[in-house]
Amino acid sequence: MTTATGTAPAGTPRTSPAPATTPMTRTARTAAPSLPSLTGLRWMAALLVFGLHVHNFGYFGGTAGRITTWAFGAGGTGVSFFFVLSGFVLMWSARPGDRAPAFWRRRVARILPVHLVTAALALLMAWTLPRMAMPTLGQGLANVLLLHSWWRPWWQTLDPVSWSLACEAFFYAAFPLLALLLRRLGARGSATLAAASLLSVLVLAWADAHHWFGQPLYSFPAARLPEFVLGAAVARLVLLDRWRGPGLEGSLALAIIGYFLVPQVTAGYPATTCTVLGFALLIPAAAVADLHGLPSLWRHRRMVRLGELSFAFYMVHLLVLRAGTALLGVKPRYGFVEGLTVTAVAFTVSLALSWLLYEKVERPARRLLLRRRGGRKGAAPVNR
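Residues numbered from 1 in each chain as written. Predicted model: local features only at pLDDT ≥ 70, side-chain atom pairs only at ≥ 80, totals over all residues. Heavy atoms only, no water.

**Let's talk about unusual backbone geometry**
Selection rule: Per the convention used, a helix needs a DSSP run of H or I reaching at least four residues, while a strand needs a run of E reaching at least two, with both numbered from the N terminus. Relative accessibility thresholds used throughout: buried, under 20% of the residue-type maximum; exposed, over 50%; partly exposed, between the two (1.4 Å probe, protein chains only).
Here D241, not a glycine, exhibits a phi torsion of approximately 60°, which is positive. Along the polypeptide, D241 turns up in the loop between α7 (221–239) and α8 (248–261). Using a relative accessible area of 26% as the deciding quantity, one classes D241 as partly exposed. A positive phi is found at R333, a non-glycine position, where the angle reads about 55°. Structurally, R333 is set in the loop between α10 (301–328) and α11 (336–370).

What follows is the structure in structure tokens.
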């Protein structure tokens, strides 16, 4: 989950950015323009994942259950959106001349505090609530160190959604080299790399559907790297003013069409093939809309605020749903009204906890960890 920011303070989106009609040349002290629409879009991706988990927990039965399946059965593709968005935003905000250790330090400060708190909360729930497995010492350490997605038996330990953070940790490790490569490739090379990334997703999806590998690729960090590289390559094209994709409405339509095609393919990693192109078009389209001051629903201040909370929401919502099974049982399959009421309560609790995590953990911990060498004054770190 990724936030696009420039020099504006956190929570202060730019609604009228200056047009960018020439390639952006940046010095080490120059910030990239703010892209608040990407933060708003991030909230919508988090909602897709929330809807998927509501569906998986079986809150709705009968006709309501079938509607929930239709609307959110493909919600796992929201994670693919996060991966593409992460590559785009990190490339967009990369500081020329930035050293790898400084970059990695900012990434640790961004994701680790919330990860550790939610992992501790998950451990407490495993101790106190029924039907929750206690992780082994090895599983717990792998989760805390963000290594658990590399081995399938560990990928869902503690807070299950943290598997995507293990993928992000791998992306972060590779990013300094990727950024260096993209700066040397130029526009034509970046477009070629983007096309190669799309082709890699298709090939990996075919291989996964035919069980060519010893484990499913859905949560395997190396298999998700092409989505991240795709986002970074597309960002480079926008930075060079060489992006020629469709506008915001057209790219959103393509993303929605791809989303509803997901049930037609094999579940798991192959679903990525339906949406990755739409996401790779939608993200730069939203960025261009911000750069040129074009209309964008996603730039609304409430959407941006929710986008700021989306990482914490993503990390805590499944724990709320799991805790709910102690009261509701497993897959209660309520009617529409009862299911909607339970879902609204779970959403409200998750959103309240996400605000608490953001304001009391994420922001102060980030300031504390970056204080000694801190970045530019007023700058908000970029990423999930």
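**Focus: the packing of helix α1 (residues 36–56) against α11**
Put simply, the rule reads: Fitted lines through C-alpha atoms serve as axes, helices being fitted only where they are in contact, and the angles separating the N-to-C directions of these axes extend from 0 to 180 degrees. Roughly parallel means an angle under 35 degrees; roughly antiparallel means over 145; roughly perpendicular covers 65 to 115; every other angle is labelled oblique. Here a crossing is taken to be left-handed if its near helix is turned anticlockwise relative to the far helix by less than a right angle, and right-handed if that turn runs clockwise. Any two residues having at least one pair of non-hydrogen atoms within 4.5 Å are treated as being in contact. In the scheme used here, Gly and all other residues not listed as nonpolar or charged are polar, with Ala, Val, Leu, Ile, Met, Phe, Trp, Tyr, Cys and Pro taken as nonpolar and Asp, Glu, Lys and Arg as charged.
Two numbers describe how α1 lies on α11: the axes approach to 12 Å, and their chain directions differ by 135°. When the axis of α1 is compared with that of α11, the two are oblique. Classified by chirality, the crossing of α11 by α1 is right-handed. Note on element contacts: α11 touches α1 through T343, A346, F347, S350 and L351, opposite W43, L47, F50 and V54. Taken together, the residues of the contact of α1 with α11 break down into seven nonpolar, two polar and no charged.

**Re the packing of aromatic side chains**
Aromatic ring pairs are described here by two measures, namely the spacing of the ring centres and the angle between the planes. Rule in force here: Centres within 6.5 Å are what make two rings of Phe, Tyr or Trp a pair, Trp counting through its six-membered ring; a difference in plane orientation under 30 degrees is then read as stacked, over 60 as edge-to-face, and the rest as tilted. A ring is considered to have a charge above it if a Lys NZ or an Arg CZ atom is located within 6 Å of its centre and within 35 degrees of its normal.
A complete count under the given rule lists 23 aromatic pairs for this structure. Between F83 and F171, the aromatic rings sit 5.2 Å apart at their centres with planes inclined by 90°, giving edge-to-face as the arrangement. In this pair, F83 is assigned in helix α3 (residues 77–93) and F171 in helix α6 (residues 163–209), connecting sequence segments 88 residues apart. The exposure classification of F83 matches that of F171, with both residues buried. In textbook terms, an aromatic cluster arises when at least three aromatic residues are bridged by ring pairs, as seen for F83, F103, W150, W155, W163, F170, F171, Y172, F175, Y218, F220 and F228. The residue whose ring lies beneath R107 is Y172, and the NZ or CZ to ring-centre distance is 5.8 Å. Positioned over the ring face of Y218 is R224, at 5.1 Å from the centre of the ring.

**A look at the environment of G62**
For G62, the position within the fold is in helix α2 (residues 62–72). The partly exposed category is assigned to G62, whose relative accessible area is 48%. In the structure, G62 is positioned 272 residues away from Y334 in sequence and 8.3 Å away in space, judged by C-alpha atoms.

**A closer look at the packing of α10 against α11**
At a closest axis distance of 6 Å, the pairing of α10 and α11 adopts a crossing angle of 130°. Our classification of the angle between α10 and α11 gives oblique. The way α10 lies across α11 gives a crossing that is right-handed. Grouping the constituent residues of the contact of α10 with α11 by class yields 18 nonpolar, three polar and four charged.

**Let's talk about the nonpolar core**
Definition in use: To define a nonpolar core, start from buried Ala, Val, Leu, Ile, Met, Phe, Trp, Tyr and Cys residues and group those joined through side-chain atoms within 4.5 Å.
Judged by nonpolar contacts, the single largest core of 92 residues is most densely connected at L38, F81, F88, W92, F175 and L178. Excluding its chain neighbours within four sequence positions, the residues that come into contact with F81 are L41, R42, A45, F279, L282 and I283. One finds A122, M125, L158 and L319 within the second-largest nonpolar core, a separate group that totals six residues.

**What to know about the layout of surface pockets**
Here the idea is plain: a probe the size of a water molecule rolls over the atoms and shows the empty space left. The following threshold applies: We place a 1 Å grid over just the protein atoms. Points where a 1.4 Å probe fits but has no way out form a cavity, open points with protein on both sides within 12 Å along at least 5 of 7 lines form a pocket, and any residue with an atom within 4 Å of a point lines it. Grid points are joined across faces, edges and corners, and a volume is the space filled by probe spheres set on the points.
Taken as a whole, the largest pocket encloses approximately 820 Å³ of empty space. Elements with a minimum of two residues in the lining of the largest pocket: α1, α3 and α10. Here the residues of the lining of the largest pocket are counted per class, giving 20 nonpolar, 11 polar and five charged.

**Section: the pattern of salt bridges**
The criterion, for reference: We define a salt bridge as a side-chain nitrogen of Lys or Arg found within 4 Å of a carboxyl oxygen belonging to Asp or Glu.
This structure, assessed with the given rule, holds eight salt bridges. For the salt bridge of R110 with E362, the shortest nitrogen-to-oxygen distance reads 2.4 Å. With R110 in helix α4 (residues 100–128) and E362 in helix α11, this residue pair connects regions lying 252 residues apart in the sequence. When its relative accessible area of 1% is taken as the criterion, E362 is described as buried. For E308, the salt bridge identified is with R305, shortest N-O distance 3.2 Å. Remark: R305 and E308 occur in helix α10; sequence separation between them is three residues, near one turn of the helix. With relative accessibility at 7%, the residue E308 sits in the buried group. Taken together, the shared-partner salt bridges connect R305, E308, E359 and R363 into one network.

**Regarding the side chain of T343**
Note the threshold: N or O atoms within 3.5 Å of each other form a polar contact, as long as, within protein, one can give a hydrogen and the other can take it, and as long as residues adjacent in sequence are counted only when both atoms are side-chain atoms.
Take T343: it is sitting in helix α11. For T343, the side chain forms a polar contact with the main-chain oxygen of G339, separated by 2.8 Å. Residue contacts for T343: discarding those within four places in its chain leaves F50, V54, Y59 and F60.

**Side note on helix α5 (residues 137–144)**
Keep this limit in mind: The arc in question is the one traced by the directions running from the helix axis out to the C-beta atoms.
By the burial criterion, the buried members of α5 are Q139, G140, A142 and N143. The arc that holds every buried residue of α5, seen down its axis, measures 165°, which confines them to one face. Its buried side turned inward, α5 meets α4.

**Thoughts on α8**
Along an α-helix, residues three or four positions apart point the same way, because every turn accommodates 3.6 residues. Put simply, the rule is: Here the expected length of a helix is defined as 1.5 Å per residue gap, with one fewer gap than residues.
Helix length check: α8, at 14 residues, gives a terminal C-alpha distance of 20 Å against a target of 20 Å (1.5 Å per residue), a fit within 8%. All buried positions along α8 are accounted for by L248, S251, A255, G258 and Y259. Within α8, the buried residues cover an arc of 105° as seen down the axis, which keeps them to one side. The exposed residues of α8 that point more than 90 degrees off its buried face are E249 and I257.

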